[in-house]
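Listed below are the residues making up each chain.
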Amino acid sequence: MNQRRQYCSLRVGDLLLGIDVSRIQEVLRDTSITPVPLAHPAIRGLINLRGQIVTAIDLRRRLGLAPSAAGSRFSTMVLGETGEALALVVDSVGDVVHVDSASFESPPDTLKGEARRMIDGAHKLERELLLILNLDVVTDLGRGSE
Amino acid sequence: MGGMSAIIAEFLAESVENLDSMDQDLVTLEKDPGNTEVIERIFRTIHTIKGTCGFLAFGKLEGVTHAAETVLAHLRDGNLELTVEITTTLLKAVDSVREILAHIEKDETEGDGDYTAISEELEAIDRAAGAGKKKPPSKKTKKTAGAGSLKPAQEAPPAPARERSITAETARKDLEGAGNGAAEDPIGPTVGESSLRVDVTVLDLLMNLVGELVLARNQLSQNLPGDSGAALTGAAQRLDSITGELQEAVMRARMQPISSILTKIPRFVRDLAVSAGKEVEIELHGQDTDLDKSVLEAIKTSLLHLMRNAVDHGIELPDERVARGKPRAGRVVLRAAHESGAVAIEVKDDGRGLDSERILERALEVGIVRPEEAPELSRSQIEQIVFRPGFSTAREVTNVSGRGVGLDVVRANVESIGGSVEMQSEAGRSTTFRIKIPLTLAIVSVILARVRGHRFAVPQASVVELVRLGRADGSLGIERLHGVPVYRLRGRLLPLVRLADELGLPDQGGPPEESIIVLQGDDRQFGLLVDSIDDSQEIVVKPLGHRLAGVPFAGATILGDGSITLILDVFRVGLAAGVVSDTRMHALTAETPVMTAPAPGRSRMLLIQGSDDERLALDLGRVSRLETLDRGRIESVGDRLVVQYRGEILRLIDLETALPERRASRRTAPPDPRSEAVVVICNIDGRSCGLLVHRILDIVDADLTEATSASRRGVEACAVISGRVNEVIDLPKVIESSDPGFFERPIRHGKGS
C-alpha cells in the first residue's frame, strides 16, 4: 500500500532531514534568540513569536554535530501541536518534498548514538537520503538541565 | 463542565459556596447554640439544596439533605440541644453532600457512593428528638410567618409546608434588609444584581490581553520620536493612562477577599481539635482583605498547614493548659491585612511555643545539625530549623502532622510566589507565623540588570537596595571571608553572589562588576554582583516551558523593544550559591553589626577556634581585615613567616605556635600547603601583622567584666562567651614573644588600612 507523504526538508551540517509538514507551524529566518544560562545544552534560547515565548532547540547540538560558525545564518522552524511552544533552529529550510512510502528504509548504519534514536528512517531521493526526524525524541530533553 | 446544562452548573456553583459558609456556621453554632440566626442560615442552605435537587431528580442528595433538614428543624425549634456528636454528624452530612456534588460536577450523576449510613445517623437523632415532646412552633416562627406575602418555595415534596414557607420568607428578609420590598419583587434576590459570576478563564484571558497592551504601550512610548507632533504625543499619553487604569481595573476584577479561602478553616480546625482531644477557639480577622485569585490559590494549602501546625504542635491538651494557668481552650488567631503593597497574614497560637531544646535534639538525631555545630547555634537559628526539609518534632506520626512534610513546603510555596515566611516564638506562650505575599503575580515590577552582555530582570519585591561599588582609592571594597566574597555595607558583612559565575557566563574580559543588588533571601540578605543596573519596569511574567525547569529563572518577559528578558529566581540563585541556607553566614550577616558601637560594658570580640577545639577571642578593635590566603604564598624568612600582601611584606604569626603549649606534643599534623590559610590581619600601633588561625567562628559582643585571670602566657583573661570558655588573646604579648623586634620597627604607610 503506497502512500504519498510530504516532508518539509531542512539542512543541518551535511544532513538533509525531513519533518512531517503538518507538524510545522511556520518558519522564521535569523530571529533574535535570547540564550538561557544553565539550560539543557541543546536549548539555544527563547524566541519572541508575536508576544509568545518559544523555547528554541538547536538541532545541531541536539544531534551532536559540531556547532556552526559564529554569525552564520540559521532558520527557525516553529512547531505546532507540541503542547508547549517549541521551535527548532536549523541551518536552512528547503522545499516541501513529496515521497512515496515505498522508498522508506530503516536508518543508515552510518548514524551513531543519540542521533540514531532521533531518526525514524530514510527516504532515498535522486541524489541523497532524506532522513526523517522523530520530533518526539528530538524534543524530549528530559527534565531541565540536571 | 462541557455539556452540563446551565441550570446544573449554576446549582453546583451556588451549593458549593453555601456549603463552605455552612461549615463555618456549624462551628459557630457549636459555640453559641442559641444563635437562631445561624440556625436559620444553615437550615436555609440545606433546604435550598434539597429543593433544587428534588427538582433535578438527584435522589441520594435529596435523601441526605432531607434527613439533615429534619435534624436542623428540631434544633431550630428547640426540640434538640446541639452536642458535639450532632455537630459532627451534621458536618459529616455536609461532607456527603459535597462528595455527591463533586460527582455531579464530574459526570452529572450522583455516583455510586452509599449514603444510607449518614441518613440513618441523622434519622436516629431525629427519632431521639421526636421522642421528646413536640413543641409548638417557636416565637420567631410565628413572628416571621405573619409578616407580609410569601414567595412560593421551590417544590420540595418531602418537606412540611410550614418549614418551606418560613425558610423562603426569612431568606428574603435577610437579603433585603428591612424586608419591605419583599412583596413587590416576585422574581428573586436583589443582592446578585450588582455582581456577576465570571469564568476565571475569561479573566485570565483579559489579564493576558492587558499584559500585551502594557507591552505595546511600552514599545510605543520608547519608540516615539522626540519631535512628534502634539496630537501624537497627546494620544500616546492618553493611551498610557488608560492602559494603566485598565490594568488596575482588571487586577481588581481578579481580586477576591481572603475570606473565600478562610471559610473552610473553622471547620478544619474544629475537626483537628476534636480528633486531638483539644479545645481550640479560632478567630479570623481581616477577612475582607483582597488578594489576586492566583495568589489565594497558591497560599491556601500553606495556610491550612500553619493552622494544622498551630493546633497539633502549638496548642496543649486542656488539662495541661489549665496546669499552666492558661484557659482550657487554646486560641488560634488568623489576621490578614494590607501592608505597603503586599498582604501580611499572621497565624498566632497561644500554645506552648517552640521548644528549642527539643528542636535541637531532633535536628541532631535526624542529622540536620552536626554535633560540633550545635553549641554555636543561637535560639533564633535553632528555631529556623523547623523550616528545614524533613524536620518534625512531633513525637510520633499523628493523623495530622509529623510526617516530615511541613514548614519547608510552606516556605517553598510562599517563596515561589515571591513571598516570605517569618516565625516568632515565645517559649510556653505563643508561636506566630507571618506570611508576606505580593498582591498579584501577573504583573510585577522588576529591576533590569546587565551581566556580561546578558540582561536579567530581578523582581523588585525582593530587592532591598542598590549599591554602586567603587571607592575613592579605586578598590571595589569587596573582601573575602571563608572563601565567600563579602561587602561591608554600613557595618554589616553582606555575602555576595557573583551572578556571572552562578550562571556560568563566560568571562569576556570586561571591567569588573560595579553594582550590588541587595536582596532579601528568606531571613537574611545577600548581594548580587552585576555589571550594571539599567532601569526598573513593570513587566508581565510569562512562564517558561517545562524543558527549562532546572534553570534559576522564574519566568521571562518581553520588553518594550521586543527582546526577551529572563526573570531571576532570587531564592534559587541564593540557594545555589549557598548564601541562603548557610547558618554560619547567617550568624555573620544577620546578627553582627560590625561597625556600630557595642553596648556599654561589652566588647566586640572575634571568636577563633583552635585546632583542637579550644576557643580564643580577640578584641575586634585590633582586627583590620579577615583574609584567606593560599598557604603556598606564605614564605619563610629565617624563622619568620611572611606573605606578600597588598604590596607589602606582612609578618605572619602562627597563633598555635605562638601560644605556649599546654601539652608536650604537637596536636595536629602540619597543614596541607595547598590548603587555604585563614589570616586575621591586625593593626597594632600603626603596624600590621597577620595571625594565622585555624578557623574563624563568629563575631560577638561579650561582657568581659566577669573574666577570670589568665591561664597562660599570651592570654589576657578567660571569659565565658556564647556558653564556652574563651581565652582572650593578649595581642602585644603574642607578637612580642614571637617577634621581639616588632614594635621597634618604623611604621610603614601602606595602602591597606
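In case you missed it, the structure is sitting above this.
A brief structural summary.

## A short note on the overall build of chain A
For chain A, the helix and strand inventory stands at 3 helices and 11 strands. The buried share among the 146 residues of chain A stands at 50%. Taking the contacts inside chain A whose residues are at least 6 apart along the sequence as the reference set, 56% of them involve residues at least 24 apart. Of the accessible surface of chain A, which amounts to about 7500 Å², a share of 46% is contributed by carbon and sulfur atoms.

## Remarks on the overall build of chain B
Secondary structure assignment for chain B yields 21 helices and 29 strands. Looking at chain B residue by residue over its 753 residues, the buried ones come to 47%. Look at the contacts in chain B between residues 6 or more apart in sequence, and 67% of them connect residues 24 or more apart. As displayed, chain B has an accessible area near 36200 Å², and 52% of this comes from carbon and sulfur atoms.

## A closer look at the packing of helix α1 (residues 6-31) of chain B against helix α4 (residues 84-107) of chain B
All names here are of chain B. Interhelical geometry of α1 versus α4 gives an angle of 165 degrees and a closest axis separation of 10 Å. Regarding the angle of α1 to α4, the classification is roughly antiparallel. As α1 packs across α4, the resulting crossing turns out to be left-handed. Seen from α1, the contacting residues are Ile8, Phe11, Leu12, Ser15, Val16, Leu19, Asp20, Met22, Asp23, Leu26 and Glu30; seen from α4, they are Val84, Thr87, Leu90, Leu91, Val94, Val97, Arg98, Leu101, Ile104 and Glu105. Classifying every residue of the contact of α1 with α4 by side-chain character gives 14 nonpolar, 2 polar and 5 charged.

## Brief notes about the sheet that holds strand β5 (residues 342-349) of chain B
Residues and elements named next belong to chain B. Pairing in this open sheet of 5 strands is mixed, and the strands run β2-β4-β5-β7-β6 from one edge to the other. Edge positions in the sheet fall to β2 (280-285) and β6 (420-426), since each of these pairs with one other strand and no more. Between one strand axis and the next, the sheet turns through 15 degrees on average, direction left out of account. Here 8 bridges tie strand β4 (residues 330-339) to β5, and the two strands are oriented antiparallel to one another. Residue pairing in the sheet places alanine 337 in a bridge with alanine 344 of β5. Its contacts with the sheet put helix α11 (residues 264-276) on β2 and β4, and the angle it makes with β2 is roughly 165 degrees.

## Digging into the pairing of strand β7 (residues 86-90) of chain A
Residue and element names in this part refer to chain A. The element β7 is largely enclosed, with a buried count of 5 among its 5 residues. The alternating pattern of β7 places Leu86, Leu88 and Val90 on one face and Ala87 and Val89 on the opposite face, and all of these are buried. The pairing of strand β5 (residues 52-58) with β7 spans 4 bridges and is parallel. Within β7, the residue paired with aspartate 58 across the bridge is valine 89. Across 5 bridges, the pairing between strand β6 (residues 75-79) and β7 is antiparallel.

## Quick look at the sheet that holds strand β8 (residues 92-100) of chain A
Residues and elements named next belong to chain A. Sheet architecture is open: 6 strands sit in the order β8-β1-β2-β11-β10-β9, paired in mixed fashion. The strands lining the two open edges of the sheet, one partner per strand, are β8 and β9 (104-105). Where β9 meets strand β10 (residues 119-124), 2 bridges bridge the pair, whose relative direction is antiparallel. Paired with glutamate 105 across the strands is alanine 122, a residue of β10.

## Here's the deal with the nonpolar core
Soluble globular proteins tend to pack their nonpolar side chains together in the buried interior. Leu59 and Leu88 of chain A together with Leu528 of chain B are the most contacted members of the largest nonpolar core, which has 60 residues in total. Not counting residues up to four positions away in its chain, the partners in contact with leucine 528 of chain B are Val497, Leu499, Ser515, Ile516, Ile517, Leu519, Leu568 and Val573 of chain B. In terms of nonpolar packing, the next biggest core, distinct from the first, is built from 48 residues, Ile261, Ala273, Val280 and Leu354 of chain B among them.

## Here we look at the packing of aromatic side chains
The full count for this structure, using the stated rule, is 1 aromatic pair over all chains. Ring geometry for phenylalanine 456 of chain B and phenylalanine 553 of chain B: centres 5.7 Å apart, planes at 15 degrees, overall stacked. Here phenylalanine 553 of chain B lies in strand β17 (residues 553-558) and phenylalanine 456 of chain B lies in strand β9 (residues 454-459), a separation of 97 residues in the sequence. Take phenylalanine 553 of chain B: its relative accessible area is 5%, and that puts it in the buried class. Across the ring face of phenylalanine 74 of chain A, the terminal group of arginine 44 of chain A is positioned such that the distance to the ring centre comes to 4.7 Å.

## Details of helix α12 (residues 293-314) of chain B
Look at α12 of chain B: 30 Å from first C-alpha to last across 22 residues, which is about the 32 Å you get at 1.5 Å a residue. Within α12 of chain B, the axis deviates most sharply at isoleucine 299 of chain B, by approximately 35 degrees.

## Digging into a nonpolar patch on the surface
Residue and element names in this part refer to chain B. On the surface, Leu213, Leu220, Leu239 and Leu246 cluster together into a nonpolar patch covering about 280 Å² of accessible area. Mapped by element, the contributors of at least two residues to the nonpolar patch are α8 (200-223) and α9 (230-254). Along the chain, leucine 213 falls in helix α8. Residue class for leucine 213 comes out partly exposed when judged on its relative accessible area of 31%.

## Re the environment of aspartate 20 of chain B
All names here are of chain B. Summarising the element assignment, aspartate 20 is placed in helix α1. Counting along the chain gives 241 residues from aspartate 20 to isoleucine 261, while the straight-line C-alpha distance between them is 9.2 Å. Among residues more than four places away in sequence, those in contact with aspartate 20 are Arg98, Thr263 and Lys264.

## Focus: α9 of chain B
Helix length check: α9 of chain B, at 25 residues, gives a terminal C-alpha distance of 36 Å against a target of 36 Å (1.5 Å per residue), a fit within 8%. Buried within α9 of chain B we find Ala236, Thr243, Gln247, Val250, Met251 and Arg254 of chain B.

## Brief notes about the pattern of salt bridges
All names here are of chain B. In the structure shown here, the tally under the stated rule is 29 salt bridges over all chains. One salt bridge in this structure joins glutamate 479 and arginine 488, with 3.3 Å as the shortest N-O distance. A residue is classified by how much of its surface remains accessible, and arginine 488, at 24% relative accessible area, is partly exposed. A cluster of three or more residues bridged by salt bridges with shared partners is formed by Glu316, Glu320, Arg321, Arg324, Lys326, Asp350 and Arg352.

## Description of the pairing of β6 of chain B
Of the two faces of β6 of chain B, the one holding Val421, Met423 and Ser425 of chain B is buried and the one holding Ser420, Glu422, Gln424 and Glu426 of chain B is not buried anywhere. With antiparallel pairing between neighbouring strands as the criterion, β6 of chain B and strand β7 (residues 430-438) of chain B make up a hairpin whose turn holds 3 residues, including glycine 428 of chain B at a positive phi of roughly 80 degrees.

## With respect to the interface of chain B and chain A
Opposite the 24 residues of chain B that make contact, chain A presents 23 residues. Buried area between chain B and chain A, summed over both chains or domains, comes out near 1900 Å², and the portion from carbon and sulfur atoms is 66%. Among the residues chain B hides against chain A, the three largest losses belong to Arg547, Leu548 and Ile564 of chain B. Together they make up 39% of the total. Taken together, chain B and chain A are joined by 0 salt bridges. The interface formed by chain B and chain A includes 1 residue pair in polar contact (both at pLDDT 80 or more). Those elements that place two or more of their residues in the side of chain B that touches chain A are β9, β17 and β18 (564-568) of chain B. Broken down by element, the residue count for the side of chain B that touches chain A peaks at 4 residues, all from β17 of chain B.

Reading the values: rules and limits
- Residues numbered from 1 in each chain as written.
- Chains lettered and ligands numbered in written order.
- Predicted model: local features only at pLDDT ≥ 70, side-chain atom pairs only at ≥ 80, totals over all residues.
- Heavy atoms only, no water.
- Helix = DSSP H or I, 4+ residues; strand = E, 2+ residues; numbered from the N terminus.
- Buried < 20%, exposed > 50% of the residue type's maximum accessible area, 1.4 Å probe, protein only.
- Contact = heavy atoms within 4.5 Å.
- Areas by Shrake-Rupley, 256 points an atom, 1.4 Å probe, with all protein chains shown as cover.
- Axes fitted to C-alpha atoms, helices over the stretch in contact; angles between N-to-C directions.
- Parallel < 35°, antiparallel > 145°, perpendicular 65-115°, else oblique.
- Left-handed = near helix turned anticlockwise from the far one by under 90°.
- Nonpolar A, V, L, I, M, F, W, Y, C, P; charged D, E, K, R; others polar.
- Pairing = 2+ DSSP bridges.
- Core = buried A, V, L, I, M, F, W, Y, C linked by side-chain atoms within 4.5 Å.
- Phe/Tyr/Trp six-rings, centres within 6.5 Å; stacked < 30°, edge-to-face > 60°.
- Lys NZ or Arg CZ within 6 Å of the ring centre and 35° of its normal.
- Expected span 1.5 Å × (residues − 1).
- Bend = angle between axes of the 7 residues up to and from the residue.
- Patch = residues over 30% accessible without salt bridge, like charges linked within 9 Å, V, L, I, M, F, W, Y side chains within 5 Å.
- Salt bridge = Lys/Arg side-chain N within 4 Å of Asp/Glu carboxyl O.
- Buried area = accessible area lost by both parts, 1.4 Å probe.
- Polar contact = N/O pair within 3.5 Å; in protein donor to acceptor, adjacent residues only side chain to side chain.

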